Amino acid sequence: MRNFYFNHDGNVDDLVSLLLLLPMPDVNLLGVGVTDADGYVDPATSASRKIIDVFGGADCQTTVAKSNSRAIHQFPKEWRLSAFSFDDFPILNEKRTINTPLMEKPAHLDMIDKIMQSATKVTLVMTGPLTDLARALAIKPEITANIERLYWMGGALNGQGNVAEPQQDGTMEWNAYWDPEAVQTVWQSDLDITLVALDSTNQVPLTPELRWRWASQRQYPALDLIGQGYSLVHSFEANSTYYLWDVLTTLVSNYPELVESKLVKTAVLTQGPGAGRTYIDNEKGRVVDFVTQVNADAFYDKIDELAQSAPYQK
Ligand code: AGV
Ligand code: CA
């Protein structure tokens, strides 16, 4: 068994990532933290607890902690709203009570507790901003000794970002832009990092074919939920294609054979119109394992396989 901790930020692919972590046979999910970024944190936290209730299996011990971290640059409200709809899906609301515990401590302190208490090194998967980890590192830098590796969805190394906001130059990815300083703090740590940036997630767009593929497997409750979830997002919203950003990151954390990667030296800008830009810096950069190529067919097959195998209890 490998111990995992998952910190996400409540958009559709974050919640689908949680759904797919639960049935991974060799993964023990210690806890989940939810950041108030690409989804309103209250419905995103509630939806996370319900997903664990319904798809976590009978003896799942996972808990959920809500973050109190705040944005430097907040996500557009239009994107953040999908968490309310996800939380209201009937498949997550057949019973009125929620059993998965909500931790009293904020997510960055819960992250410290779960990592320090783990008997084996923890794999950390983050599919939103890095703020909770940066705050955890500031309070307890020794957590890095008990972290196997960080898998992060964030950044872009080719100068093609996905932020279209005033006073920035379009070179940065949103999770990095939300809190550029946090990226720098994490980059200054001695953690091993696998970077799943836009360069690789661009290879897995959400297409009509994928929606059909999931629709044709509605008899599996987890695939029904995945299809419903992605029906909340469309590429004409803010003129921005939806990709399987976070799901790719989550699957890579346990199935590295789905991708090719290489070691590169990278840095981040924290100020000015490029704040949040990640870039290659062969002199002063810090090494990360950067995902370059995705075996897309194997990736889609793995999503199906995991979702088909997910336990389901009303
Ligand atoms: O930049 C990608 C990150 C991922 O963690 N998020 C979405 C994923 O959860 C931000 C984002 C970029 N474009 C978006 C985003 C869009 N069109 N809708 C919602 N979120
Ligand atoms: Ca996300």
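Residues numbered from 1 in each chain as written. Chains lettered and ligands numbered in written order. Predicted model: local features only at pLDDT ≥ 70, side-chain atom pairs only at ≥ 80, totals over all residues. Heavy atoms only, no water.

The name an unreviewed UniProt entry gives the protein is ABC transporter substrate-binding protein, with Bombilactobacillus bombi as the organism.

1. Details of helix α2 (residues 41-55)
Between its terminal C-alpha atoms α2 stretches 21 Å, which fits the 21 Å expected from 15 residues at 1.5 Å a residue. In terms of residue burial, α2 counts as a mostly covered element, since 14 of its 15 residues are buried. Following α2 by one or two positions, G57 adopts a phi angle in the positive range, close to 85 degrees. (Helix = DSSP H or I, 4+ residues; strand = E, 2+ residues; numbered from the N terminus. Expected span 1.5 Å × (residues − 1). Buried < 20%, exposed > 50% of the residue type's maximum accessible area, 1.4 Å probe, protein only.)

2. Considering the site of ligand 1
Looking at ligand 1, there are 16 residues lining it, with D13, D38, N162, E173 and D246 nearest. Between ligand 1 and the protein, one listed contact pairs a nitrogen atom with a side-chain N or O atom of D38 at 2.6 Å. In the complex, 98% of the free accessible area of ligand 1, which totals 430 Å², lies under the protein chains. Comparing atom positions with the cavity grids shows ligand 1 to sit within the largest pocket. Elements supplying a minimum of two residues to the shell around ligand 1: α1 (12-21), α7 (174-178) and α12 (245-254). Grouping the constituent residues of the shell around ligand 1 by class yields six nonpolar, five polar and five charged. (Near = heavy atom within 4 Å. Polar contact = N/O pair within 3.5 Å; in protein donor to acceptor, adjacent residues only side chain to side chain. Areas by Shrake-Rupley, 256 points an atom, 1.4 Å probe, with all protein chains shown as cover. 1 Å grid on protein atoms, 1.4 Å probe; cavity = no way out; pocket = protein on both sides within 12 Å on 5 of 7 lines; lining within 4 Å. Sits in = over half its atoms within 2 Å of the grid points. Nonpolar A, V, L, I, M, F, W, Y, C, P; charged D, E, K, R; others polar.)

3. What about the sheet that holds strand β3 (residues 63-66)?
Strands belonging to one sheet form pairs held by backbone hydrogen bonds; the direction of such a pair is parallel or antiparallel. Reading across the sheet, the nine strands line up as β3-β2-β1-β4-β5-β6-β9-β7-β8 and stay open at both edges, with mixed pairing between neighbours. Each edge of the open sheet is held by one strand with a lone partner, namely β3 and β8 (278-280). Looking at each pair of strands side by side, their axes are set apart by 30 degrees on average, direction ignored. Here strand β2 (residues 27-34) pairs with β3 via four bridges, running parallel. Opposite V34, over in β3, you have K66 as the bridge partner. Contacting β1 (2-8), β2 and β3, α2 crosses the sheet at an angle of about 175 degrees to β3. Together, β1, β2, β4 (122-126), β5 (147-153), β6 (193-196), β7 (259-268) and β9 (286-294) form the strand contacts of α12, whose direction differs from that of β5 by roughly 160 degrees. (Pairing = 2+ DSSP bridges. Axes fitted to C-alpha atoms, helices over the stretch in contact; angles between N-to-C directions. Contact = heavy atoms within 4.5 Å.)

4. Describing the coordination of the calcium ion (ligand 2)
Note on the calcium ion (ligand 2): its protein donors are D9 (OD), D14 (OD), D14 (OD), T127 (O) and D246 (OD). The metal-donor distances range over 2.3 to 2.5 Å. Linear spacing of the donor residues for the calcium ion (ligand 2) on their chain is D-x4-D-x112-T-x118-D. Separated by 119 residues along the polypeptide, T127 in the loop between β4 and α6 (131-139) and D246 in helix α12 bring together distant segments of the chain. The exposure class of T127 is buried, given its relative accessible area of 1%. Take D246: its relative accessible area is 3%, and that puts it in the buried class. (Donors = N, O, S within 2.8 Å, 3.2 Å for Na, K, Ca; no water.)

5. Focus: α6
Residues that lie three or four places apart on an α-helix share one face, since the helix turns once every 3.6 residues. Inspection of α6 places T131, D132, L133, A134, A136 and L137 among the buried residues, and these make up the whole buried set. Taken together, the buried residues of α6 touch β1, α5 (107-117), β4, β5, α7 and α8 (180-187).

6. Topic: empty space enclosed by the protein
Counting across every chain of the model gives one cavity of 30 Å³ or more. The calculated volume of the largest cavity comes to roughly 40 Å³. Along the walls of the largest cavity sit K50, D53, V54, L92, K95 and T97, which together make up its complete lining. Of the residues belonging to the lining of the largest cavity, the class tally is two nonpolar, one polar and three charged. (Points joined across faces, edges and corners; volume = space filled by probe spheres on them.)

7. Here's the deal with the pattern of salt bridges
For the coordinates displayed, the defined rule picks out twelve salt bridges. When the shortest N-O distance is used, the salt bridge between K114 and D110 registers 2.6 Å. Highlighted residues: K114 and D110, both in helix α5, separated by four residues, approximately one helical turn. Judged by relative accessible area, which is 13%, K114 ranks as buried. Taking the relative accessible area as the measure of exposure, D110 reaches 2% and is therefore buried. A salt bridge links E305 to K302; the nearest nitrogen and oxygen atoms lie 3.3 Å apart. With E305 and K302 both in helix α13 (residues 296-309) and three residues apart, the pair spans about one turn of that helix. Residues joined by salt bridges that share partners form a network here, namely R213, D301 and D304. (Salt bridge = Lys/Arg side-chain N within 4 Å of Asp/Glu carboxyl O.)

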